[in-house]
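Each chain, written out:
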Amino acid sequence: MKILVNIFAFLLVVQCATAKDPYLKLTVAQDGSGDFRTIQEAINSTRDLGPGEVEIFIKNGTYQEKLVIPSWKHQLTLIGENKENTIITGNDYSGKIDAVTGKELSTFTSSTVLVQGDDIHFRNLSVQNTWCNRGQAVALHVEGDRFIAENCNLLGCQDTLYTATEGSRQYYKNCYIEGTTDFIFGEATCVFEDCTIKSLANSYVTAAATPQNQEFGYVFFNCNLIAKDGIDKVYLGRPWRSYAKTVFINSTLGDHIVEKGWDPWTGDKMFPQKEKTTYYAEYNSKGEGASPNTRVSWSHQLNKKEVKKYTLKNIFSGNYNSWIPNN
């Protein structure tokens, strides 16, 4: 009995110390040299709903995990040792039968990494879905608010990055994102700054589904759009839903971008004539794919006055609280 009392007292002290510690650091290493061998174990060990920041340092390795950061996990920063060698990977896809549940996966359950918690930050790591044969296969699926990815690789084919959920605010800085069709898609308000966007097939880069009451959808600042050799017919975007919003500002477009720039997704019986309600725009596009005079008539070329509203403060103002990443 005395032993049990002592153990309980020890655990209570540890818990109190952790509660007072505003910044906890954990290490994940597959060779056992860290606190945990898997990333999921490290996430599960953190206190629910905060209250302090937790940094999870991930040593180099290929982590074959279907990672979930649930809605009750907040303020986690996942930092890879090196983005080229710290890789979270999976190969689930829409139509695959899940080995555990026996149920068929969909686009929305195919992700390698699912982020549902708020204030999650990724840095210096790669998230990958290796399924590239056919159909949708998400690498990163983000639903939480105030998500940041810095210096990360997001690797996949169709539907690589799912920026989910109305009201979610997401910021991607100095990231490399590749895919085939609609490989950046979803409802969230997102800024992509200084990112490299690579098309692996003749198709569409973005498929925004911006809600009607949301002022901003996707905004790309100073991004570089490139393509795999032989790819020469890529659209900047097509609207997944009627009020899709996507804007490219001061970005460099390769010669794989078609002269029309945008596609209206003709034939969508559920949401017809989306070109009448969607908002697609550019400002100061550069490179061989920049062709303002040949863009579709329902897109926009912003002037100096119009572009001024595209600031991080305005884009991420939100309905209830303002947010500027890294401030």
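Above this note sits the structure.
All values derive from a computational prediction rather than experimental measurement. (Residues numbered from 1 in each chain as written. Predicted model: local features only at pLDDT ≥ 70, side-chain atom pairs only at ≥ 80, totals over all residues. Heavy atoms only, no water.)

Helix and strand content of the protein chain: four helices and 26 strands. A compact globule built from 327 residues should have a C-alpha radius of gyration of about 20 Å, and the protein chain, at 21 Å, falls within 12% of that. Projecting the C-alpha coordinates of the protein chain onto the three principal axes gives extents of approximately 80 × 40 × 35 Å. Looking at the protein chain residue by residue over its 327 residues, the buried ones come to 52%. Working note: accessible area of the protein chain is about 15,600 Å², and carbon and sulfur atoms make up 50% of it. The average position of the 33 basic charges and that of the 36 acidic charges among the side chains of the protein chain differ by 3 Å. (Helix = DSSP H or I, 4+ residues; strand = E, 2+ residues; numbered from the N terminus. Rg over C-alpha atoms; globule rule 2.2 N^0.38 Å. Buried < 20%, exposed > 50% of the residue type's maximum accessible area, 1.4 Å probe, protein only. Areas by Shrake-Rupley, 256 points an atom, 1.4 Å probe, with all protein chains shown as cover. Lys, Arg positive; Asp, Glu negative; His and termini not counted. Charge placed at Lys NZ, Arg CZ, Asp CG, Glu CD.)

A few words on the pattern of salt bridges. This structure, assessed with the given rule, holds twelve salt bridges. Two residues, Lys 73 and Asp 48, come together in a salt bridge whose shortest N-O distance is 2.7 Å. On the criterion of sequence distance, the pair formed by Lys 73 in the loop between strand 4 (67–69) and strand 5 (76–80) and Asp 48 in the loop between helix 2 (39–45) and strand 2 (53–58) is long-range, its members being 25 residues apart. Overall, the relative accessible area of 3% leaves Lys 73 in the buried class. Relative accessible area serves as the criterion here: at 47%, Asp 48 is assigned to the partly exposed category. Its salt-bridge partner being Lys 66, residue Asp 92 comes within 3.0 Å of it at the nearest N-O pair. Of the two residues, Asp 92 sits in the loop between strand 6 (86–90) and strand 7 (113–115) while Lys 66 sits in the loop between strand 3 (61–64) and strand 4, which places them 26 residues apart along the sequence. One salt-bridge network, held together by shared partners, links Asp 119, Asp 145, Arg 146 and Arg 169. (Salt bridge = Lys/Arg side-chain N within 4 Å of Asp/Glu carboxyl O.)

So, on to the state of the cysteines. Enumeration according to the criterion identifies one disulfide in this entry. Paired by a disulfide, Cys 132 and Cys 157 hold their sulfur atoms 2.0 Å apart. Taking the sign of the S-S torsion, 95° for the link of Cys 132 and Cys 157, the bridge is right-handed. One end of the pair, Cys 132, is in the loop between strand 9 (126–129) and strand 10 (140–142); the other, Cys 157, is in the loop between strand 12 (153–155) and strand 13 (161–163), and 25 residues separate them in sequence. Its relative accessible area of 41% is what places Cys 132 among the partly exposed residues. The thiol of Cys 190 is not disulfide-bonded; the next cysteine sulfur, from Cys 195, is found 11 Å away. Cys 190 gets classed as buried once you look at its relative accessible area, which sits at 0%. Just so you know, Cys 223 is unpaired, no disulfide at all, and the nearest cysteine sulfur is the one on Cys 195, 4.7 Å from it. (Disulfide = S-S within 2.5 Å.)

Next up on the list: the pairing of strand 3. Only one face of strand 3 is buried, namely the one carrying Gly 61 and Tyr 63, since none of Thr 62 and Gln 64 on the opposite face is buried. In the sheet, strand 3 pairs with strand 6 via four bridges, with the strands oriented parallel. If you follow Gln 64 over to strand 6, its bridge partner there is Thr 89. (Pairing = 2+ DSSP bridges.)

Relative to the helices and strands, Glu 187 is located in the loop between strand 16 (184–186) and strand 17 (189–193). It turns out Glu 187 is buried and unbridged, and the closest side chain with the opposite charge, Arg 241, is 6.6 Å from it. Discounting residues that sit within four places of it in the chain, Glu 187 has contacts with Tyr 162, Thr 163, Ala 164, Thr 165, Glu 166, Ala 209, Thr 210, Pro 211, Gln 214 and Trp 240. (Contact = heavy atoms within 4.5 Å.)

Attention shifts here to the pairing of strand 23 (residues 245–249). Buried residues dominate strand 23, accounting for five of its five residues. Burial along strand 23 is two-sided: Lys 245, Val 247 and Ile 249 facing one way and Thr 246 and Phe 248 facing the other are all buried. Of the strand pairs in this sheet, strand 20 (residues 218–221) and strand 23 are connected by four bridges, and their pairing is parallel. Paired with Tyr 218 across the bridge in strand 23 is Thr 246. Both strand 23 and strand 25 (residues 279–283) contribute to a ladder of five bridges, which runs parallel.

With respect to topology, eight strands assemble into an open sheet ordered 3-6-9-12-15-18-21-24, the strand pairing being parallel. In this open sheet, the two strands that pair with only one neighbour each are strand 3 and strand 24 (252–253).

Attention now goes to the sheet that holds strand 22 (residues 235–237). Overall, parallel pairing links the seven strands, which are arranged 4-7-10-13-16-19-22 in an open sheet. Single-partner strands in this sheet number two, and they are strand 4 and strand 22. If you compare each strand with its neighbour and ignore which way they point, the axes differ by 15° on average. Summarising the sheet, strand 13 and strand 16 pair through two bridges and their orientation is parallel. Looking at strand 16, one finds that Tyr 162 is bridged to Phe 185. (Axes fitted to C-alpha atoms, helices over the stretch in contact; angles between N-to-C directions.)

Before going further, it helps to spend a moment on the packing of aromatic side chains. Under the defined criterion, the tally for this structure stands at 18 aromatic pairs. With centroids separated by 5.0 Å and ring planes inclined at 10°, the aromatic side chains of Tyr 172 and Phe 192 adopt a geometry described as stacked. Of this pair, Tyr 172 sits in strand 14 (residues 169–173) while Phe 192 is found in strand 17, placing the two residues 20 residues apart along the sequence. This pair shows no difference in class: Tyr 172 is buried, exactly as Phe 192 is. Each member of the aromatic cluster is reached from another via a ring pair, and the members are Phe 122, Phe 147, Tyr 172, Phe 192, Tyr 218, Phe 220, Phe 248, Trp 262, Tyr 280 and Trp 298. (Phe/Tyr/Trp six-rings, centres within 6.5 Å; stacked < 30°, edge-to-face > 60°.)

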